[in-house]
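Structural overview for review
The chain contents come next:
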Amino acid sequence: MKYRMIWSLVYLFSGGLLSFAQDKSPYGLLTNLLSKPELSVLTTNVPKFSWIVPSTVENDYQSAYQIWVASDSTLLVSGKADVWDSGRVLSDQSTHVRFGGKELKQNSSYYWAVKTWNRKGDESEMSEVQKFNIGDVTRKKNWPGESRWVQFPQSDGSVSWTFEDRHPINYHASYPIDCHRKENGTWFIDFKQAAFSNISLTLRWNAHPCEKKDTLIRICIGEKSVLDSIDRKPGGGVIFKEYFVKVHDGVGKYSIEIPRFKPHYPHSQVMPEHMQEVIPFRYCEVNAGGLDLSVISAEQMRLYTEYDEYASSFVSSDTLLNEIYNLCRYSVKANTFNGDYAASQRERMMYEADAYIHQLGHYATDREFMTARFSLENMIYHATWPTEWIFHSIMMVWMDYLHTGDIDVIKKNYKDIQPKLMMALIMPNGLLSTRTGLVTKEFCRSIFYQGNALKDIVDWPWANMSTLKGGETDEYQFSDYNTVVNAFHYHALDLMENMAKVIGEKKDAFLYAKRKKELYKIFQKSFFDQKRGLYVDGLGLDHASLHANLYPLVFGLVPEKHKDSVLEYMKEKEMACGVYSANYLLEGLFDAGEETYAMHLLTSKSDRSWYNMLRVGATMTTEAWDNKYKSNNGWSHAWSSSPVHIIPRKVMGIEPTKPGFKHIRIKPKVAGLSWAKVKLPTIRGFIQTEFVQSDSKFTLSVSIPANMRADVYVPIREKGQKCTLILDGTPVDKLKFQEDYILLENIYSGVHHIELNY
């Protein structure tokens, strides 16, 4: 029975990892959270090792491990280790095991492998060998976490460029789905998706005797098309560019000389000199100008960091939802062209809120963590001007810890993120304000902001950037005491309290808890309108925007007795916010049990929707919902990719309840879907779930990696409705009902099939 069930699930999940017997050795090795450390160099000589525990029996977990580190890979193959042999260590730890051998030398390469013992004491085979490089460990960095481009010598005597402590960015060839010659002689090429890229063209020119043997032709690239031509006036910040390339008689290979990006913002980034410049485009036109010229081949040279295309997936009965997921998933990858989260062609600069949403999307789509780690540490020391963005650095550190389980990210950054709570801006009335003279140069330095003033942002873009009244802030009325800013302050206090507890800062934890409790009461008194049952934009104001209500909801500031009135008001507003606040709006609605309405917004076909991005022809998520909402709206911005993490976390309901996914919750919000399945990468392995529902039955199948346990919530249609539940072929006699779910606690690792019959 068990094996028939497993094989049926293998067919249900595309690319699944659902068989117990497939993994005979640890796999998914990480060195300092890098899946391919051989491509990078580490700036520490005490690396940490992680791996996925092989699962060979039900309820499997690791009971012991042994790590070997050697100076030569052949030593490991023969079972020897000249640098470190940990011996058999009785422990279930499979993440962040610290190196404990001889001192590792600078500018040297090493190799490691691991084997484990399962819960029965059975020994695994040795893992594959992983190489890692130690670079300069003595250099004083300009800021903690700084990562430079460096050259590292290879075994063949050559040198290669790479990043310190993170994967390098590389060009990846992509080929056209359409390449044809039009009647006017122009070649039209469609690469299916836009990407930050250059182009490699192989052209054949059959020059006539009377023609010069080399001549200039025009090559155009762009993000938007009109039929089989590039739109030369796409509007907003959508890309159209033309270049001239000198071609020669015969067959030759050509690329375009894209001018180097010129930074216009405080922390904009430029492409290193050893790499070709890139620009986002999907389409290319080769204007032969009457020449007998043919396109033999075309390659779009896409630039992005390491990315596993098979690490994540989602598909459901809603085809539009599937398209939105894929749009957002691709946007997460494509916008790592800088090696961090500095998305968008116009600025190429990171902002905390943008990076936070990109971070969550990256965790949801790939088992990679160091792009996020670098980005969050970069943002700590390069703060930007929006008030609410400052709090996002605290949020990024917490999310890193939650997804990696690496306590060092808190220990290392704790003191430097404390000022970002902005307690120095609290006024005698107990509210935080940036408009009462407390934002001094000294304060700005304390939060690593180089400017002289912060501005409350609420949402983006503002009215002056839109052709429509009010911008994306729902006509929010800004005042000295801002509801949204104080809601973020409350949330940051909650996270700092948690982090203080984790690293043993008990006094700080007590103070944060006390301040949070006080602020909760002050917040209700200052911003809640008792008569209308909703929150206003600021102290003493009457206007109540969507934002003034969605942020208290998502951050746990709305008392249970007021949730109905707040939600009713929010639902009247529809998507009266920008792509940034949509992230929090959807989270708040799903968490509040309004998944049907949340799904309505997620799959809306209005002009404020992800459908609209698809409709206008974008293949990456856009900076704003539409050009009319932002005059320079770009078509390459990952901060609007929130559905890619909302879907696995809130629709499929997979979230960590203990750091590093040691324990998880699976609580699907069906929201009108008849079936759906997902694959979610985690540091401990890949979680897969699938549900199918009909009038008489709901089935839920889950695959949980070894060294992980789960609380599984099975949704029921109506409270009190008679039903029977079968877990792995065995009826469950005593059902534990919790709200609209049946709770199955502490489900062990392996593949499980749950059937609920009405």
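Remember, it's a predicted structure, so these values are computed and weren't measured experimentally.

Attention now moves to the nonpolar core. Core analysis: the largest hydrophobic core is formed by 171 residues, its most contacted members being Trp 51, Ile 67, Val 69, Tyr 551, Tyr 584 and Trp 610. Core analysis: the next-biggest nonpolar cluster, separate from the first, contains 27 residues, Leu 201, Ile 256, Val 295 and Ala 298 among them.

Here we take up the pattern of salt bridges. Taken as a whole and assessed by the stated rule, the structure comprises 41 salt bridges. The salt bridge involving Asp 231 is made with Lys 224; its shortest N-O contact spans 3.1 Å. One salt bridge connects Lys 667 with Glu 739, and the closest N-O pair in it is separated by 3.8 Å. Separated by 72 residues along the polypeptide, Lys 667 in the loop between β24 (663-666) and β25 (675-682) and Glu 739 in the loop between β31 (737-738) and β32 (741-747) bring together distant segments of the chain. Here Glu 739 falls in the exposed class, since its relative accessible area comes to 57%. Through salt bridges with shared partners, one network takes in Lys 48, Arg 98, Arg 373, Asp 400, Asp 406 and Asp 408.

Moving on to the packing of helix α3 (residues 319-334) against helix α4 (residues 352-365). Geometry of a packed helix pair, given as the angle between the helix axes and the separation of the axes. At their nearest, the axes of α3 and α4 sit 9 Å apart, and the two run at 105 degrees to each other. Here α3 is positioned roughly perpendicular relative to α4, judged by the angle of their axes. Across the interface between the two elements, Arg 329, Ser 331 and Val 332 from α3 touch His 358, Gly 361, His 362 and Thr 365 from α4. Of the residues that constitute the contact of α3 with α4, the class distribution is one nonpolar, five polar and one charged.

All right, on to the sheet that holds strand β6 (residues 108-117) then. Spatial strand order, β4-β3-β6-β7: four strands in an open sheet with antiparallel pairing. Taken across any chain shown, the strands that pair with only one partner, and hence form the sheet edges, are β4 (84-85) and β7 (130-134). Bridge analysis of strand β3 (residues 64-70) against β6 gives seven bridges, and the strand direction is antiparallel. Looking at β6, one finds that Trp 68 is bridged to Ala 113.

Pro 461 follows Trp 460 through a cis peptide bond whose omega is 0 degrees. Here Pro 461 is to be found in the loop between α8 (441-446) and α9 (483-502). Positive phi is not limited to glycine here, since Asp 165 has a value of about 65 degrees. Positionally, Asp 165 belongs in the loop between β9 (159-163) and β10 (169-174). Within the chain, Glu 475 stands out as a residue other than glycine whose phi angle is a positive 55 degrees.

Three or more residues of helix α12 (residues 563-573) are buried, namely Val 566, Leu 567, Tyr 569 and Met 570. The arc enclosing the buried residues of α12, seen along the axis, measures out at 160 degrees, which places them on a common side. Across from the buried face of α12, at angles greater than 90 degrees, the exposed residues are Asp 564, Glu 568 and Glu 572. Among the structural elements, β21 (528-529), β22 (534-535), α11 (547-554), α13 (579-591) and α14 (595-602) are those in contact with the buried residues of α12. A positive backbone phi angle near 55 degrees is found at Glu 574, which sits one or two residues after α12.

Right, let's talk about the packing of α4 against helix α6 (residues 387-404) for a bit. Across the interface, α4 lies against α6 with an axial gap of 8 Å and an inter-helix angle of 15 degrees. Our classification of the angle between α4 and α6 gives roughly parallel. Handedness of the crossing formed by α4 with α6: left-handed. Contacts between α4 and α6 pair Glu 352, Ala 353, Asp 354, Ala 355, Tyr 356, Gln 359, Leu 360 and Tyr 363 from the former with Trp 389, Ile 390, His 392, Ser 393, Met 395, Met 396, Met 399, Asp 400 and His 403 from the latter. Its residues placed into classes, the contact of α4 with α6 shows 10 nonpolar, four polar and three charged.

Bringing the environment of Asn 633 into the picture now. Mapped onto the fold, Asn 633 is located in the loop between α15 (610-616) and α16 (643-651). Assessed through its relative accessible area of 1%, Asn 633 is described here as buried. Considered as a pair, Asn 633 and Ser 604 are 29 residues apart in the sequence and their alpha carbons are 20 Å apart. The residues contacting Asn 633, other than those within four sequence positions of it, are Gly 236, Gly 237, Val 238, Thr 622, Glu 623, Ala 624, Asp 626 and Asn 627. Within polar-contact distance, the side chain of Asn 633 engages the side chain of Asn 627 at 3.0 Å.

Conventions adopted
Residues numbered from 1 in each chain as written. Predicted model: local features only at pLDDT ≥ 70, side-chain atom pairs only at ≥ 80, totals over all residues. Heavy atoms only, no water. Core = buried A, V, L, I, M, F, W, Y, C linked by side-chain atoms within 4.5 Å. Buried < 20%, exposed > 50% of the residue type's maximum accessible area, 1.4 Å probe, protein only. Salt bridge = Lys/Arg side-chain N within 4 Å of Asp/Glu carboxyl O. Helix = DSSP H or I, 4+ residues; strand = E, 2+ residues; numbered from the N terminus. Axes fitted to C-alpha atoms, helices over the stretch in contact; angles between N-to-C directions. Parallel < 35°, antiparallel > 145°, perpendicular 65-115°, else oblique. Contact = heavy atoms within 4.5 Å. Nonpolar A, V, L, I, M, F, W, Y, C, P; charged D, E, K, R; others polar. Pairing = 2+ DSSP bridges. Arc of directions from axis to C-beta. Left-handed = near helix turned anticlockwise from the far one by under 90°. Polar contact = N/O pair within 3.5 Å; in protein donor to acceptor, adjacent residues only side chain to side chain.

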